[in-house]
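Residues per chain are reported as follows:
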Amino acid sequence: MSAYSTNSMPVAVGNWFTRAVNWMDGNGPGAWIALMVAGFIFAGPLGLVILAFILFTGRFGRRWRTGQAVHKRSFGCCGNTNVHVSRSTGNAAFDAYKADTLDRLQREQQEFEEFLGRLREARDKAEFDQYMEERAKEAAQSEDTSEDAKA
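No experiment lies behind these values; they were computed from the predicted model shown.

Participant: Explain the pattern of salt bridges here, please?
Facilitator: Two side chains of opposite charge can pair, provided their charged atoms sit close to one another. Taken as a whole and judged by the stated rule, the model has three salt bridges. Residues Arg-104 and Glu-108 are paired through a salt bridge, measuring 3.0 Å at the closest nitrogen-oxygen approach. Residue Arg-104 and its partner Glu-108 are located together in helix H4 (residues 92–150), separated by four residues, close to a single helical turn. For Asp-129, the salt bridge is made with Lys-125, and the minimal N-O distance between the two is 3.1 Å. Here the residue Asp-129 and the residue Lys-125 both occupy positions in helix H4, the gap between them amounting to four residues, near one helical turn. Among the residues examined, Lys-125 registers a relative accessible area of 53% and is labelled exposed.

Below you can see the structure in the form of C-alpha cells.
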C-alpha cells in the first residue's frame with residue numbers, strides 16, 4: 001500500500017449529516033435508491049427532497065469501487081486537492097529537490113510581497129507629493145487673488 005492510497009475513509013468526521021452521507025456513499029448507490037424509495041413510501045415530499053439531493057450533488061455520477069465512493073473531484077487544473085506537501089515520498093533525491101523548490105518558491109513569494117510593498121509605498125509617496133504640489137499651487141493662487149482684490 002502506498003503512502004497516497006485513499007481506500008480508507010474516516011466515518012466519524014463532521015456533523016451527523018456529513019457522517020450519514022459518508023455512510024450512505026460507503027454503501028453504494030443501492031443505499032441511496034433504497035433511502036429514496038423509503039422516502040417516497042413514508043413521506044412523498046421527503047422522497048423528492050432525497051431525489052433532488054442525489055441529483056444536485058451528482059451521487060450517481062461517481063464511480064463506485066469496493067462499496068466506497070470515490071470522492072475525487074476536479075478543481076480546475078489542480079485536480080485533487082488532497083495532496084500533502086510535507087509527506088515524504090520515500091525517494092530521498094526527489095524529497096530534497098522538493099524541499100529546495102518549496103524553499104525557493106517561499107523566498108520568491110516573500111521577495112515579491114516585499115516588492116509590492118515598496119511599489120505601494122512609492123505610489124503613495126508620488127500621490128502625496130502630487131497632492132502637496134496641488135495644494136501649494138492652490139494656496140499660491142488664492143494668495144494672488146486675495147492680493148489682487150486688495151489692490
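Participant: Honestly, a nonpolar patch on the surface in this entry has me stumped. Any pointers?
Facilitator: Together, Ile-33, Val-37, Ile-41, Phe-42 and Phe-60 make up an exposed nonpolar region whose accessible area comes to about 530 Å². Here Ile-33 lies in helix H2 (residues 29–42).

Participant: How should the packing of aromatic side chains be read in this particular structure?
Facilitator: Working definition: an aromatic ring pair is given by the centre-to-centre distance plus the angle between the planes. Scanning the entire structure with this criterion turns up five aromatic pairs. For the ring pair Trp-32 and Phe-53, a centre distance of 5.6 Å and an interplane angle of 40° mean the geometry is tilted. Taken together, the residues Trp-32 in helix H2 and Phe-53 in helix H3 (residues 44–57) connect sequence positions 21 residues apart. Residue Trp-32 is classed as buried on the basis of its relative accessible area of 3%. For Phe-53, a relative accessible area of 23% corresponds to the partly exposed category. Ring centres 6.4 Å apart and planes at 40° place the aromatic pair Phe-94 and Tyr-97 in the tilted group.

Rules used throughout
- Residues numbered from 1 in each chain as written.
- Predicted model: local features only at pLDDT ≥ 70, side-chain atom pairs only at ≥ 80, totals over all residues.
- Heavy atoms only, no water.
- Salt bridge = Lys/Arg side-chain N within 4 Å of Asp/Glu carboxyl O.
- Helix = DSSP H or I, 4+ residues; strand = E, 2+ residues; numbered from the N terminus.
- Buried < 20%, exposed > 50% of the residue type's maximum accessible area, 1.4 Å probe, protein only.
- Patch = residues over 30% accessible without salt bridge, like charges linked within 9 Å, V, L, I, M, F, W, Y side chains within 5 Å.
- Areas by Shrake-Rupley, 256 points an atom, 1.4 Å probe, with all protein chains shown as cover.
- Phe/Tyr/Trp six-rings, centres within 6.5 Å; stacked < 30°, edge-to-face > 60°.

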